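Survey of secondary and tertiary structure
Here is what each chain is made of, one letter per residue.
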Amino acid sequence: MCVLWKKDQESYDHNRFIDYFLMSLIVLIVSAVIFRQRMLFVAIGFMVTYLILYYLYEKTLTRKIKLKDRPTSIRLFPEEKMKLSFEIENQSLFPIFNGKLTLQIASPVQAYTYISGEEEYWKEPVHIYGSIPPRSQIRIKLPLLAKKRGVAKVNHIQYSLPHLFNYRLMTLRYGKRHETEIIVYPELLPVSGIQILNQMTPGMSRYQTSPFEDIQEPVTIRDYQQRDPFHRINWKASAKSLTLQTNVYERVINRSFLFLVNVESPPNHYVDIEHVLSYTAYLSEYATKQNIPYEIYLNAFKVGEIPFIHLPMSEGKVHFRNTLEMLARLKRMPVTYSFEQMVQHVLRYNQSFHTVVIIGLVSEETRTDLSRIGIRVFHIHEADDGAYLKPLVTSEVVKHA
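Now for a quick tour of the structure. (Residues numbered from 1 in each chain as written. Predicted model: local features only at pLDDT ≥ 70, side-chain atom pairs only at ≥ 80, totals over all residues. Heavy atoms only, no water.)

Let's talk about the pairing of strand β6 (residues 96–105)
Counted only if it meets this: Note on pairing: DSSP must find at least two bridges between two strands before they are called paired. Secondary structure elements follow DSSP: runs of H or I of four or more residues count as helices, runs of E of two or more count as strands, with numbering from the N terminus.
Relative to strand β8 (residues 126–132), β6 is paired through six bridges, and the arrangement is antiparallel. Within the sheet, the bridge partner assigned to K100 lies in β8 and is Y129. Relative to strand β10 (residues 150–162), β6 runs antiparallel, the two sharing five bridges. Following the sheet pairing, Q104 is matched in β10 by N155.

The structure is reproduced here in structure tokens:
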């Protein structure tokens, strides 16, 4: 999509130049009429031609310079690199010499070849130079490095170029928000002891080697064997075949996770929200690799019937990508909803059978509520040597992840 540019307000020096030029032209016209000198008429002709070209250049330039801007989302993990392309087209009959594209990019990414400073690099504008011949275009590639979680957009775009007829610097400002966004996913911080989630418990997911069976769902029958329990005999099938037949049931386990994420940081506890989100991303990746469905409740406030973030139960790579994008778009200091109230909502309306993992602070009230529902609940703890997963114990004091 091509967007027009807006020219900065003319400077006082520019207006004074035009005034002096018009006054000079009027004086020459009067002198030519009085003295009837041929050279004066020639000079007037050059000045009128110059003035026409000047105004034609002024009026057409903002409409003839195009920035091709297509809505694009670029997804990166921290420390990944990419090149962001800008296509600028000069559709006019006038060349552009030594034009300068200036822009700023938000803190999740850094233009590392143009800005080397590590501190507050996002505050520094990026300057890229290039000339554009008439009726042609150039493509500018800006190398970027993903620095931290978040969504980055290109802001404050302007294009400066020397005026072709008065040689003063003219600045054109981009008249619309740039459509490209760069989504930087949270870092995948590992969690030790995650294998404990593989312990089998009864559930609804089919699993061939599970020791648990769904007695409500027989899948086939076979001949009776001496080790088969008596209650498994299918009497109807046995009567038809005149031999004892045994029901074979679907083997199932609990193959779903429920992640309860607390991004609240109360005054008396410091919680590194970035770590909380990174652990959530790591657990989501683990579930995806194991083909285990999961859902997420996160207590960042949002407007709607449900006042917190909920990612419904699903599985697979698309679900994992949606998880990463949801975590990336969360503000660095989000307005939070009560974690205790969110958990109460989950216990009231979510009747599915899950393995629950809590990421973030957990109060004794929440521990007690979760201990009553009879399912496995785990909590991520942080130590000096990293994070680890352990069963939630109601007698523990409040800790943070």
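Focus: the packing of aromatic side chains
Operational definition: Aromatic pairing here means that ring centres of Phe, Tyr or Trp (its six-membered ring) are within 6.5 Å. Orientation follows from the plane angle: under 30 degrees is stacked, over 60 is edge-to-face, and everything else is tilted. Whether a residue is buried, partly exposed or exposed follows from its accessible area with a 1.4 Å probe, protein chains only, as a fraction of its type maximum: under 20%, in between, or over 50%, in that order.
Scanning the entire structure with this criterion turns up 14 aromatic pairs. Relative to Y174, the ring of W5 lies with its centre 5.5 Å away and its plane at 65°, an arrangement referred to as edge-to-face. Here the residue W5 occupies a position in strand β2 (residues 5–7), and Y174 occupies one in strand β11 (residues 169–174), the gap between them amounting to 169 residues. Here W5 matches Y174 in class, with each residue buried. Aromatic pair Y54 and Y55: ring centres 5.9 Å apart, planes at 75°, arrangement edge-to-face. Overall, Y54 belongs to the buried group, its relative accessible area being 2%.

Focus: the environment of Y159
Our working definition: The contact rule is simple, with two residues in contact once any of their heavy atoms fall within 4.5 Å.
Tracing the backbone through its elements, the reader meets Y159 in strand β10. Residues in contact with Y159, not counting those within four places in the same chain, are W5, I65, I88, I96, G99, K100, L101, G130, I132, M170, T171 and L172.

With respect to the packing of helix α6 (residues 339–349) against helix α7 (residues 364–371)
Threshold: Structural elements are reduced to axes, namely lines fitted to C-alpha atoms, with helices fitted over the stretch in contact, and the angle between N-to-C directions of any two is expressed from 0 to 180 degrees. Here is the rule for angles: anything less than 35 degrees is roughly parallel, anything more than 145 is roughly antiparallel, 65 through 115 is roughly perpendicular, and the remaining ranges are oblique. Throughout, the ten residues Ala, Val, Leu, Ile, Met, Phe, Trp, Tyr, Cys and Pro are labelled nonpolar, Asp, Glu, Lys and Arg are labelled charged, and all others, Gly among them, are labelled polar.
Two numbers describe how α6 lies on α7: the axes approach to 10 Å, and their chain directions differ by 10°. Considering the angle they form, α6 stands roughly parallel to α7. Packed against α6, whose contacting residues are F339, E340, V343, Q344 and L347, the element α7 presents E365, T366, D369 and L370 at the interface. Across the contact of α6 with α7, the residue classes break down as four nonpolar, two polar and three charged.

Quick word on the packing of helix α4 (residues 273–289) against helix α5 (residues 317–329)
Packing of α4 against α5 brings their axes to within 10 Å, and their N-to-C directions diverge by 175°. The angle between α4 and α5 places the two elements in the roughly antiparallel class. Contact residues: α4 offers L277, T280, A281, S284, E285 and T288, while α5 offers K317, F320, T323, L324 and L327. Partitioning the contact of α4 with α5 into residue classes produces five nonpolar, four polar and two charged.

Regarding the sheet that holds strand β22 (residues 386–391)
In sheet architecture, strand pairing relies on hydrogen bonds along the backbone and comes in two forms, parallel and antiparallel. On the basis of which strands lie adjacent, the open sheet formed by seven strands has the order β13-β22-β21-β20-β17-β18-β19 and mixed pairing. For this open sheet the edge positions go to β13 (191–192) and β19 (308–314), each flanked by a neighbour on one side alone. Across six bridges, the pairing between strand β21 (residues 377–383) and β22 is antiparallel. Counterpart to A383 in the pairing with β22 is G386.

A closer look at the pairing of β19
Pairing of strand β18 (residues 294–301) with β19, which is carried by five bridges, proceeds in the antiparallel orientation. Each bridged residue has a counterpart across the sheet, and for Y297 the counterpart in β19 is H310. The antiparallel hairpin formed by β18 and β19 contains six residues in its connecting segment, where G304 sits at a positive phi of about 150°.

Side note on the environment of K66
Selection rule: What qualifies as a polar contact is a pair of N or O atoms within 3.5 Å, subject to a donor-acceptor requirement within protein and to the restriction that residues adjacent in sequence count only when both atoms come from side chains.
Within the fold, K66 resides in strand β3 (residues 65–68). The exposure class of K66 is buried, given its relative accessible area of 14%. A C-alpha to C-alpha distance of 5.7 Å links K66 and I88, two positions 22 residues apart in sequence. A polar contact of 3.0 Å, which involves the side chain of K66, links it to the backbone oxygen of R63.

Topic: helix α2 (residues 38–64)
Inclusion rule: Multiplying 1.5 Å by the residue count of a helix minus one yields the expected span of that helix. To get the bend at any residue, fit one axis to the seven residues that end at it and another to the seven that begin at it, then take the angle between the two axes.
Look at α2: 38 Å from first C-alpha to last across 27 residues, which is about the 39 Å you get at 1.5 Å a residue. The largest bend in α2 comes to about 25°, at E58. Along α2, the positions that sit buried rather than exposed are I44, M47, L51, Y54, Y57, E58, T60, L61 and T62.

Description of the pattern of salt bridges
Convention followed: The salt bridge definition used is simple: a Lys or Arg side-chain nitrogen within 4 Å of an Asp or Glu carboxyl oxygen.
What the rule picks out here adds up to 10 salt bridges. Here E89 and K68 are joined by a salt bridge, their closest N and O atoms 3.8 Å apart. Of this pair, E89 sits in strand β5 (residues 81–90) while K68 sits in strand β3, and the two are 21 residues apart along the sequence. Here K68 falls in the partly exposed class, since its relative accessible area comes to 24%. A salt bridge links R139 to E87, with the nearest nitrogen and oxygen atoms 2.4 Å apart. Within this pair, whereas R139 is found in strand β9 (residues 136–146), its partner E87 is found in strand β5, the two being separated by 52 residues in sequence. Residue R139 is classed as exposed on the basis of its relative accessible area, which comes to 53%.

A few points about the side chain of S160
By the element assignment, S160 lies in strand β10. Note on S160: relative accessible area 4%, which makes it buried. Among the polar contacts listed, one links the side chain of S160 to the side chain of T171, at a separation of 3.4 Å. Look past the residues within four positions of S160 in its chain and what remains in contact with it is N98, G99, K100, L169, M170 and T171.

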